[in-house]
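# Inside the fold
So the chains spell out like this:
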Amino acid sequence: MSAALARIRLNPRSRAVQRDLHDAAQLHRTLMRLVPDDLGTSPRQAAGLLYRLDETDTTSTLLVQATALDPARLPDDYGHTELKDLTPMFAALTKGRPVRYRITVNPVKTERLPLDRKGQRGQRIPLTGQEADQWWTRRATEVGLELRTLLPTPLTPAHPRTGQTLRGRHHLVRYDGTATITDPQALAQALLTGIGRAKSYGAGLLSLAPAPA
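Residues numbered from 1 in each chain as written. Predicted model: local features only at pLDDT ≥ 70, side-chain atom pairs only at ≥ 80, totals over all residues. Heavy atoms only, no water.

A separate point is the overall build of the chain. Across its full length, the chain carries six helices and 13 strands. Here the C-alpha atoms of the chain give a radius of gyration of 18 Å, agreeing with the 17 Å that 2.2 N^0.38 yields for 213 residues. By its C-alpha atoms, the chain is 50 × 50 × 40 Å across when sized along the principal axes. Burial status across the chain gives 44% buried among its 213 residues. The contacts in the chain between residues at least 6 apart in sequence include a share of 72% that link residues at least 24 apart. Summed over all atoms, the accessible surface of the chain reaches about 12,000 Å², with 49% contributed by carbon and sulfur. Counting 30 positive and 20 negative side-chain charges, the chain places the centres of these two groups 3 Å from one another. (Helix = DSSP H or I, 4+ residues; strand = E, 2+ residues; numbered from the N terminus. Rg over C-alpha atoms; globule rule 2.2 N^0.38 Å. Buried < 20%, exposed > 50% of the residue type's maximum accessible area, 1.4 Å probe, protein only. Contact = heavy atoms within 4.5 Å. Areas by Shrake-Rupley, 256 points an atom, 1.4 Å probe, with all protein chains shown as cover. Lys, Arg positive; Asp, Glu negative; His and termini not counted. Charge placed at Lys NZ, Arg CZ, Asp CG, Glu CD.)

This is the structure we're talking about:
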């Protein structure tokens, strides 16, 4: 298993960057320029495109992962890009290995409907606080991580923008912490395909790094 990761330190003076940071749908379209064309009816999924926006008081950095990436297709003044092959990371996934992790997720639950509405789908309800923490702990366990610590950071919801009208807001929470690998194969698959919903809006990309035992 392998993938490529682009780390893009965004240029805050770029009009394209300013536009994309205020319109999650446009940001997704920009990042899809990095992957090959003609990928069928589900191009993001076919390309394995995942991304996360990491922001500090002074910098904004995009992490973009896919099976193949071409940073030359970004707007000229978009930012400084470093490209990395993730093959060594996949090779290092071993059972019992301690890791540090970071992920932005869209923790939601589906509303339960009464029996007279059987066959209909309930609304998705954002989870916060302890419910969101439990959601992430459960999903981490399913993909082969036993969490040791977790630190939640609520983020500004992602949304597409049509003119000045906001629609389709996506609730986001970032988690940082440490964990132990319990199932390398399941974890590798989750690293490639992402975790949870709202992958087109900056959720689902799991980053790992070695941690002290």
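Still to come is the rest of the account.
Let's shift gears to the pattern of salt bridges. Scanning all chains against the criterion turns up eight salt bridges. Between D176 and R102 there is a salt bridge, and its shortest N-O distance comes to 2.5 Å. One end of the pair, D176, is in strand β12 (residues 173-181); the other, R102, is in strand β5 (residues 98-105), and 74 residues separate them in sequence. Exposure remark for D176: the relative accessible area of 15% places this residue in the buried category. Judged by its relative accessible area of 26%, R102 is partly exposed. Members of the salt-bridge network, linked through shared partners, are R52, D54, R102, R174 and D176. (Salt bridge = Lys/Arg side-chain N within 4 Å of Asp/Glu carboxyl O.)

Turning our eyes to something else, we now look at the environment of K84. Topologically, K84 is positioned in strand β4 (residues 79-85). Judged by relative accessible area, K84 falls into the exposed class, the value being 53%. Sequence spacing of K84 and A3 is 81 residues, and the spatial spacing of their C-alpha atoms is 8.7 Å. Excluding its chain neighbours within four sequence positions, the residues that come into contact with K84 are A3, A4 and L5.

Strand order in the open sheet formed by four strands is β2-β3-β1-β4, with antiparallel pairing between adjacent strands. Here the strands that pair on one side only, and so sit at the sheet edges, are β2 (50-55) and β4. Each neighbouring strand pair of the sheet contributes to a mean axis angle of 15°, computed without reference to strand direction. Where β2 and strand β3 (residues 60-66) come together, six bridges link them in antiparallel fashion. What sits directly across from L50, in β3, is Q65. (Pairing = 2+ DSSP bridges. Axes fitted to C-alpha atoms, helices over the stretch in contact; angles between N-to-C directions.)

In short, geometric facts, not functional conclusions.
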